[in-house]
Amino acid sequence: MAADPTELLALAVDIATAAGELALRRRREGVEVAATKSSIVDVVTAADRDVEAYIRVRLAQARPGDAFLGEESDASAGTSGLTWVVDPIDGTVNYLYDIPRWAVSIAVVEGDDPATWRALAGCVVNPSLGEVFAASIGGGASLGARTISASEPATLGTSLVATGFGYDAAIRVAQAEAAVRVIGSVRDLRRAGAAALDLCDVGAGRLDAYWERGLAPWDFAAGALIAAEAGAVVSADDVRDGRRLVTAAAPAIAPEFAALLRRAGV
Ligand code: IPD
């Protein structure tokens, strides 16, 4: 029987909300770096691992035939054709510093290749603010009980744009250089440290556009669906070394924004 996106979303929201409460409790108890990953500033905390383990167990109980792809543990194959894509704490550095901008991100996709998969449902929870963003394919996007939609900026020059930087210092410098070539053509730039929330903010009209090169599937799977279902123009098809350029923009400025990014050499 085909999976119902609305039911999948209800499960994602239930698990992400509980996982967010766990992460918030762990944050209040105090957080330390457990290990580093791709560079000395790419950290993982014990909470990242515990929250992912919690989500994984809940999903295995509810949907034993589905595959799993998470940031902090090994992927596992399934039999149903569906994959759960999980970032237990997106914005780990914010989490470490107790900046209340980090999120639990859970998406479920059809297929297992980020190049071709179709996201069916996604939920991004910011536990510090009690905000729950959610979307299912064809079902629109919401923030709590409210339907959200992308903004309608008059011009690119008056648009508020966000970006993000990777953990590798050389890559980060190149990204910042590209950002310098963008900043003069927009209202201003934000770098708030959690890609999933940046994408949700484009969906909620709190940002007019966002781009970041170098994202992993778990960073954007849920947020990209939420932004797209809110009416933003979203792309994630430019891949280098397995990592993607993800863009999301209000429809009115999307073509001009894409052209600006190309000129800036993003
Ligand atoms: C990171 C955040 C950050 C983005 C990085 C991501 P993590 O995810 O989303 O905003 O700039 O590219 O890796 O490591 O906190 O899950």
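Our structure's up above, just so we're on the same page.
Only a predicted model underlies this, so the values are computations on that prediction, with no experimental measurement involved. Counting restarts for each chain, with residues numbered from 1 along the sequence as it is written. Where totals are concerned, whole chains, interfaces and linings use all residues; where local detail is concerned, this predicted model gives features only for residues with pLDDT of at least 70, and gives and counts side-chain atom pairs only at 80 or more. Calculation of side-chain values draws on the structure's entire complement of heavy atoms; hydrogens and water are dropped beforehand.

Participant: Looking at this structure, how should I read the site of the ligand?
Facilitator: Whether a residue is near a molecule or strand depends on its heavy atoms: if one lies within 4 Å, it is near. The local shell around the ligand holds 16 residues, among which Asp-90, Gly-91, Thr-92, Tyr-167 and Glu-212 are the closest. Any pair of N or O atoms that falls within 3.5 Å is considered a polar contact. Within protein, one atom must be able to donate a hydrogen and the other to accept it, and sequence-neighbouring residues count only if both atoms are side-chain atoms. Residue Gly-193 places a main-chain N or O atom 3.1 Å away from an oxygen atom belonging to the ligand. Here Glu-212 contributes a side-chain N or O atom positioned 2.5 Å from an oxygen atom of the ligand. With the chains in place, 96% of the 380 Å² that the ligand exposes on its own is no longer accessible. Calculation of accessible area relied on Shrake-Rupley with a 1.4 Å probe; when residues are assessed, cover is drawn exclusively from the protein chains displayed.

Participant: Help me understand the pattern of salt bridges, please; the structure alone is not making it clear to me.
Facilitator: A side chain with one charge can pair with a side chain of the opposite charge if their charged atoms come near. Think of a salt bridge as a Lys or Arg side-chain nitrogen and an Asp or Glu carboxyl oxygen that are within 4 Å of each other. By the definition in use, this model includes 12 salt bridges. Residue Asp-14 pairs with Arg-58 through a salt bridge whose shortest N-O separation is 2.8 Å. In this pair, Asp-14 sits in helix 1 (residues 5–29) while Arg-58 sits in helix 2 (residues 46–62), placing the two residues 44 residues apart along the sequence. Exposure remark for Asp-14: the relative accessible area of 43% places this residue in the partly exposed category. Only protein chains enter the accessibility calculation, which uses a 1.4 Å probe. A residue is then buried if its area is under 20% of the maximum for its type, exposed if over 50%, and partly exposed in between. For Arg-58, a relative accessible area of 21% puts it in the partly exposed group. Note that Asp-98 and Arg-27 form a salt bridge whose closest N and O atoms lie 3.5 Å from each other. Numbering goes from the N terminus for both helices and strands, where a helix is a DSSP run of H or I of at least four residues and a strand is a run of E of at least two.

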